[in-house]
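# Secondary and tertiary structure notes
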Amino acid sequence: MKIAVAAASGRLGHAVLRELLTRTEAQNVVAVARTPARVQISGIDVRRGDYASTDSMIAALGGVDTVVLISAPVGEGDRTLLHRNAINAARRANVRKLVYTSVIGNGNERDTWFWDVQQINRQTEDDLKTSGLEWVIVRNGLYLELDLRHVIDANGSGVYSNNARDGQCGYITIDELAVAIARVSAFDIHNGRTLNLVGESMTQSALVALASDVFGLDLRYETISDEENIARLMSDEKIAARGRDVAQMLAGCFQCIRNGAFDVPSDFEQAAGRPVKATRQMMEQIRRTLGTARR
C-alpha cells in the first residue's frame, strides 16, 4: 500500500518520510508538498499538492491508501479550511485512512494565547472523525529541538527565561515523533484512537539544568511575565519575521505549561512499539547532530 506524507517539505515531514523508508519500499512512499523541490529525499514519488487547492490534493493523493496529514503552520491562512480541504480531497481520492498530527492538551489551555490555535486543532480532529475515513489522531508534544535552541542561545547571558514558571511539560524530538507516526500509519492497530506522543514531564528549571549538563552551559532558569516573554521571543529574527501574533501564540504555549495543559500521559510506547527515549538521550543526540562539544 502507498503511504503519502502531506506537507512533506518541513522537518516533521522529512523525518516521517525517512522513517517510512525503513519500513517499506521506496515505491510505496509518496511525498506531497506545495513546493516539491523542497523535498530533499531521493528515490520516492514527489507530488505537488496544496491544502489551499482541493483539486491539487485530489490529484496528489491518487492511488494512495494512507495519508499522514501534517497540520498547516500557524499563520498560513484559515487553517481549519485548509485542513478540511485536505480531508475532503483524501475522501474524494478514495484514500482509506488518514493520520492527523495535532497538539497535546488537556483543556487547561483555555484562557491562554494558545487557545485559538488549539481550537483549530480540535476542530480538525472532529472533522476527521466524521469524515468517513479510518483515522488516527496523534497529539504531538512540544519539539525539544526548538526550545533547546533558545536555551543554548541564552547561554551568553547566563539566564534562560520565559513565563512557564514551575509548570511541567513533556518534550519530544521530531525524530522520536516520526517513529510513532510511521508505525501508526503502516499498521491499523490504533485506528480510531487519539494518542499523546510525549516524553517525560519536567519543569523549565529541570530542562535548563539538564541542558546545562549535556551541553556544558552555565545557565539558570528565571520566570518573567507574559509580555516580557513576547518581547524575548520577538528578539529572535525568525520569530519576528513571522510577526507578533506568532510570538504571542508561542508565549501562549508557555502559559499552557504554566497551567498544566501540556502535562499529559504518554501513549508513545503503544504507538511506537517501544518506550520513548529519555530526555537526556534525546538531548545527547541533538548535541551530536549540532556538533556541539561538551565542556
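Below you will find a few notes about this structure. (Residues numbered from 1 in each chain as written. Predicted model: local features only at pLDDT ≥ 70, side-chain atom pairs only at ≥ 80, totals over all residues. Heavy atoms only, no water.)

## Topic: the overall build of the protein chain
When its secondary structure is counted, the protein chain shows 12 helices and 12 strands. Here the C-alpha radius of gyration of the protein chain, 19 Å, is about what a compact globule of 295 residues would show, namely 19 Å. Across the 295 residues in the protein chain, those meeting the buried criterion constitute 55%. Pairs at least 24 apart in sequence give 76% of the contacts found in the protein chain among residues at least 6 apart. When the accessible surface of the protein chain is totalled, it reaches about 12,600 Å², and 45% of it is carbon and sulfur. A gap of 4 Å separates the mean positions of the 35 positive and 36 negative side-chain charges of the protein chain. (Helix = DSSP H or I, 4+ residues; strand = E, 2+ residues; numbered from the N terminus. Rg over C-alpha atoms; globule rule 2.2 N^0.38 Å. Buried < 20%, exposed > 50% of the residue type's maximum accessible area, 1.4 Å probe, protein only. Contact = heavy atoms within 4.5 Å. Areas by Shrake-Rupley, 256 points an atom, 1.4 Å probe, with all protein chains shown as cover. Lys, Arg positive; Asp, Glu negative; His and termini not counted. Charge placed at Lys NZ, Arg CZ, Asp CG, Glu CD.)

## Some points on the sheet that holds strand S7 (residues 142–143)
Overall, mixed pairing links the three strands, which are arranged S7-S9-S11 in an open sheet. A strand with exactly one partner marks an edge of an open sheet, and here the two such strands are S7 and strand S11 (201–203). In the sheet, strand S9 (residues 168–172) pairs with S11 via three bridges, with the strands oriented antiparallel. The partner of Cys169 across the bridge, within S11, is Met202. (Pairing = 2+ DSSP bridges.)

## Some remarks on the environment of Arg220
You can see Arg220 is positioned in strand S12 (residues 220–223). By relative accessible area, which is 47% here, Arg220 ends up partly exposed. Not counting the four nearest positions on each side in its chain, Arg220 is found in contact with Gly158, Val159, Tyr160 and Val208.

## A short note on the sheet that holds strand S1 (residues 3–6)
Strand order in the open sheet formed by seven strands is S3-S2-S1-S4-S5-S6-S10, and the pairing between neighbours is parallel. Each end of this open sheet is capped by a strand with a single partner; those strands are strand S3 (45–48) and strand S10 (193–197). Shown here is a sheet whose adjacent strand axes are inclined to one another by a mean of 20 degrees, direction ignored. With five bridges connecting them, strand S6 (residues 134–140) and S10 associate as parallel partners. Residue pairing in the sheet places Ile137 in a bridge with Thr194 of S10. Packed onto the sheet, helix H4 (residues 115–129) meets strand S5 (97–103), S6 and S10 and runs at close to 160 degrees relative to S5. (Axes fitted to C-alpha atoms, helices over the stretch in contact; angles between N-to-C directions.)

## Overview of the packing of aromatic side chains
All told, the structure shown has two aromatic pairs when counted by the stated rule. Measuring from centroid to centroid gives 6.4 Å for Tyr160 and Tyr221, while their planes differ by 45 degrees, and the two rings are tilted. Taken together, the residues span a long stretch of sequence, with Tyr160 in strand S8 (residues 159–162) and Tyr221 in strand S12 at a distance of 61 residues. A residue is classified by how much of its surface remains accessible, and Tyr221, at 14% relative accessible area, is buried. (Phe/Tyr/Trp six-rings, centres within 6.5 Å; stacked < 30°, edge-to-face > 60°.)

## Some remarks on the side chain of Glu19
For Glu19, the position within the fold is in helix H1 (residues 11–20). Using a relative accessible area of 19% as the deciding quantity, one classes Glu19 as buried. Contact partners of Glu19, with chain neighbours within four places excluded, come to Ala178, Val179 and Ala182.

## Quick notes on the pattern of salt bridges
Throughout the structure, instances matching the rule amount to 19 salt bridges. With a shortest N-O distance of 2.5 Å, Arg274 and Glu176 are connected by a salt bridge. Placement of Arg274 in the loop between helix H11 (268–272) and helix H12 (279–290) and of Glu176 in helix H6 (residues 174–186) is noted, with a sequence separation of 98 residues between them. The exposure class of Arg274 is partly exposed, given its relative accessible area of 26%. Taking relative accessible area as the criterion, Glu176 reaches 2% and is therefore assigned buried. The closest approach of N and O atoms between Arg280 and Asp213, which form a salt bridge, is 2.6 Å. Here Asp213 lies in helix H7 (residues 204–215) and Arg280 lies in helix H12, a separation of 67 residues in the sequence. Look at Asp213 and you get partly exposed, because its relative accessible area is 31%. Here the salt bridges share partners, and the residues they tie into one network are Asp65, Arg96, Lys97, Glu134 and Asp188. (Salt bridge = Lys/Arg side-chain N within 4 Å of Asp/Glu carboxyl O.)

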